[in-house]
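Reading the structure
Chain residues, written in single-letter form:
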Amino acid sequence: MVGLGPVGAALAALLGDAGVKVLAIDKSTEVYPLPRAAHFDHEIMRVFQQLGIAEEVLRHARPVLGYEFRNAKGEVLVSFDEMINDCGPSGWPSSFMFSQPGLEHALRAKLRASGSVRLLLGASLQGLAAGPDGAEAKIGTRDGPLSVHAAYVIGCDGASSPVREAIGSRLEDLGFDEPWLVVDALLRPGARLPAVNLQICDPARPTTCVPMGPGRHRWEFMLLPGEQTAQVLDDTFIAGLLAKWDGEVEIERKAVYRFHGLVADRWRAGPVFLAGDAAHQMPPFAGQGMCSGIRDAANLAWKLIAVLRGRATGALLDTYQAEREPNTRAYIRLAMDMGRVVCLLDPELAQARDERMLAARRAGQTPIPPAAPPPLAGPGILEGSPGAGELFPQPLAVQGDQKMRLDDALGAGAWFITTAPIASTNPDLLRVGLDDARIAPFRGPVASWLAARQVEAVLVRPDRVVFGAGSGAVLLQAWSSALEGSDAPVAA
């Protein structure tokens, strides 16, 4: 594993929990101490739950209370409040703002406690050669050069990824490139700042204002034509930008970023894979950059585990980019569409935008489409069956003052949930009926899911994506075919 940001650390932890031997390297010796990513959603908290770090992550996060686009007059152009609730499909609040260092420390503690993961910090990739039986990595360490043979190498090494360069993968530019000043601040006593996430669509200075983790706040200011990095990073310049906000704050970080929309053309070259920013980058307006990377990790982890255990052929790994790229591109398009709404600098065009969006709002329409990427598709999915490629929900059950979640009850791995007495001989597939004691607290929501789709069974992959639903016998045969790398299964 090259790179130990949130994506690399989550992937290493998922593999480590399955007993896979992982060498994880990072050029830094410590977690970067300042905030960078700001948002994750319910699906990502579900991954943290699987890793057993959800409660620790919650110490550094808070649920999103609202997300609004406002014009220069303060009028609400669009509100995404209807998509924000206390319990999303994954059994957690739908969105969180967080402090990245706290999250990374939770992941590092998880990795240090693992008996399968070895951390090598202050180390960098110096060379990479792929072959039919794995890859040879040349690593520069504080103690001298190191040569390592690995069955697989995953580059989670960021936007300037040396792994991506080593495999000759090229970035496709999707046509979004805007410079923004990012200002992170610690709140002082008495600070009164908005509790909801705001995009201020003001042509005089497009601005983002969002709560971060507890005790923190972030502003992002679009650079205007002619402004230079050194100019906007000046403390006096920043003080002028913050003067309109009623908040006593201490500046924690200031930086200029270019917001991009980029996708690598190849996410795999033999035994070498890319994940996270190494494979794709997006503007922050939808808050899905880190989320998309951790979805990569969850998708790739279970497939590597299945192949390394001998439960699947290497062909299963070909489904990684096929599944993840369309999903990621959908989020990038959403983020770019949001960004184009925010980033208008022409006053006349901005006024026309405001009038159009306010009219849509009055008519009960959503002028910006919600974040609803298409279901996953390809040979790792039973296409054509009900729910295939969608995230399987995680119901909650309450006993006394304790919340119970479905994933904790059923555990890791794939699930075959059925109303019929059909046996499974797959040792990595948990078969449960609705009368099973483990599923009993969640019987109502699960039975309703099956009944709504008029199916007797559902097969849920280890990343909690629905493989397919329908006849139990068909599901089991199609699952075996998918693992074996046979022709893409389709619903009968």
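Now for a look at the structure at hand. Note that the structure is predicted; figures quoted are calculated from it, not measured.

A word on the state of the cysteines. This model, assessed by the stated rule, comprises zero disulfides. Here Cys201 stays unpaired: no disulfide links it, and the sulfur of Cys343, its closest cysteine neighbor, is 8.8 Å away. Residue classification places Cys343 among the buried residues on the basis of a relative accessible area of 12%.

In this section: helix α7 (residues 235-242). At 3.6 residues per turn, the α-helix brings residues three or four places apart onto the same side. Looking at α7, one finds that the buried residues are Ile238, Leu241 and Leu242. The buried residues of α7 occupy an angular sector of 95° when the element is viewed end-on, so they sit on one face. In the core, the buried residues of α7 are packed alongside β12 (171-187), β15 (216-222), α6 (229-232) and β16 (249-264). A side-chain oxygen of the first residue of α7 lies 2.9 Å from the backbone nitrogen of Thr236; this N-cap is Asp234.

Enumeration according to the criterion identifies 17 aromatic pairs in this entry. Centre to centre, the rings of Phe40 and Phe48 are 5.4 Å apart; their planes meet at 85°, and the pair counts as edge-to-face. Each member of the pair, Phe40 as well as Phe48, is classed as buried. One aromatic cluster is present, built from ring pairs that chain together Phe40, Phe48, Phe96 and Phe98.

One open sheet holds the eight strands; their spatial order is β5-β4-β13-β14-β15-β12-β16-β19, and the pairing between them is mixed. With partners counted over all chains shown, the strands left at the sheet margins are β5 (76-79) and β19 (280-281), one partner each. Both β12 and β15 contribute to a ladder of seven bridges, which runs antiparallel. Bridged to Leu181 within β15 is Phe221. Sheet strands in contact with α7 are β12, β15 and β16, and its direction is about 90° off that of β16.

Regular strands have side chains that alternate between both faces of the sheet. Here strand β23 (residues 429-433) lies mainly inside the structure; four of its five residues are buried. Strand direction decides the pairing type here: strand β22 (residues 414-418) and β23, joined by five bridges, are parallel. Within β23, the residue paired with Trp415 across the bridge is Leu430.

This part takes up the pairing of strand β4 (residues 67-71). Within β4, four of the five residues are buried, which leaves the element mostly enclosed by the surrounding structure. Taken together, the five bridges between β4 and strand β13 (residues 197-201) define a ladder with parallel strand orientation. Directly across from Arg70, in β13, lies its bridge partner Ile200. The hairpin turn running from β4 into β5, its antiparallel successor, is four residues long, and Gly74 in that turn takes a positive phi close to 90°.

The next point concerns the packing of helix α8 (residues 289-308) against helix α9 (residues 319-342). In a pair of packed helices, the angle between the axes and the distance between the axes together describe the arrangement. Relative orientation of the contacting elements α8 and α9 amounts to 165°, with a least axis distance of 10 Å. In terms of their interaxial angle, α8 and α9 are classed as roughly antiparallel. In the packing of α8 onto α9, the handedness of the crossing is right-handed. Contact residues: Ser292, Arg295, Asp296, Asn299, Leu300 and Lys303 in α8; Thr319, Tyr320, Glu323, Arg324, Asn327, Thr328 and Tyr331 in α9. Residue composition of the contact of α8 with α9, by class: three nonpolar, five polar and five charged.

On the secondary structure map, Glu355 appears in helix α10 (residues 347-362). Under the relative-accessibility criterion, Glu355 is labelled partly exposed at 47%. Spatially, the C-alpha atom of Glu355 lies 32 Å from that of Asp86, the residues being 269 residues apart in sequence.

Glancing now at helix α13 (residues 472-484). The end-to-end C-alpha separation of α13 is 18 Å, in line with the 18 Å expected for 13 residues at 1.5 Å each. When we look at burial in α13, the residues that qualify are Gly472, Leu475, Leu476, Ala478, Trp479, Ser481, Ala482 and Leu483. Summarising the contacts, the buried residues of α13 are in contact with α8, β22, β23, β24 (457-460) and β25 (466-470). Of the residues trailing α13, Gly485 is marked for its positive phi of about 80°.

This brings us to the sheet that holds strand β17 (residues 268-269). What the three strands build is an open sheet, ordered β11-β18-β17; its pairing is mixed. For this open sheet the edge positions go to β11 (153-155) and β17, each flanked by a neighbour on one side alone. Of the strand pairs in this sheet, β11 and strand β18 (residues 272-274) are connected by three bridges, and their pairing is parallel. Within β18, the residue paired with Ile154 across the bridge is Phe273.

Running from N to C, helix α1 (residues 6-17) and helix α4 (residues 100-112) cross one another at 25°; their axes reach a closest spacing of 9 Å. With respect to each other, α1 and α4 are oriented roughly parallel. Helix-helix and strand crossings are classified by hand; for α1 and α4 the assignment is left-handed. Note on element contacts: α4 touches α1 through Gln100, Leu103, Glu104, Leu107, Lys110 and Leu111, opposite Pro6, Ala9, Ala10, Ala12, Ala13 and Asp17. Its residues placed into classes, the contact of α1 with α4 shows eight nonpolar, one polar and three charged.

In this section: the pattern of salt bridges. A full pass over the atoms with the stated rule returns 26 salt bridges. The salt bridge involving Glu325 is made with Arg329; its shortest N-O contact spans 2.8 Å. You can see Glu325 and its partner Arg329 sitting in helix α9, four residues apart, about one turn around the helix. Residue Glu325 is classed as buried on the basis of its relative accessible area of 17%. In this structure, the salt-bridge partner of Arg461 is Asp463, at a minimum N-O distance of 2.8 Å. Accessibility expressed as a relative area gives 0% for Arg461, which makes it buried.

Ranked by size, the top nonpolar core spans 118 residues in total, and within it Phe40 and Phe69 carry the most contacts. Element by element, the count of residues in this core is highest for α8, at 12 residues. Ignoring any residue separated from it by four or fewer positions in sequence, one finds Phe69 in contact with Glu75, Val76, Leu77, Val78, Phe80, Gln199, Cys201, Met338, Val341, Val342 and Ile368. By size, the runner-up hydrophobic cluster in this structure holds 19 residues, among which are Trp415, Val432, Phe442 and Val458.

The rules behind these values
- Residues numbered from 1 in each chain as written.
- Predicted model: local features only at pLDDT ≥ 70, side-chain atom pairs only at ≥ 80, totals over all residues.
- Heavy atoms only, no water.
- Disulfide = S-S within 2.5 Å.
- Buried < 20%, exposed > 50% of the residue type's maximum accessible area, 1.4 Å probe, protein only.
- Helix = DSSP H or I, 4+ residues; strand = E, 2+ residues; numbered from the N terminus.
- Arc of directions from axis to C-beta.
- Contact = heavy atoms within 4.5 Å.
- Polar contact = N/O pair within 3.5 Å; in protein donor to acceptor, adjacent residues only side chain to side chain.
- Phe/Tyr/Trp six-rings, centres within 6.5 Å; stacked < 30°, edge-to-face > 60°.
- Pairing = 2+ DSSP bridges.
- Axes fitted to C-alpha atoms, helices over the stretch in contact; angles between N-to-C directions.
- Parallel < 35°, antiparallel > 145°, perpendicular 65-115°, else oblique.
- Left-handed = near helix turned anticlockwise from the far one by under 90°.
- Nonpolar A, V, L, I, M, F, W, Y, C, P; charged D, E, K, R; others polar.
- Expected span 1.5 Å × (residues − 1).
- Salt bridge = Lys/Arg side-chain N within 4 Å of Asp/Glu carboxyl O.
- Core = buried A, V, L, I, M, F, W, Y, C linked by side-chain atoms within 4.5 Å.

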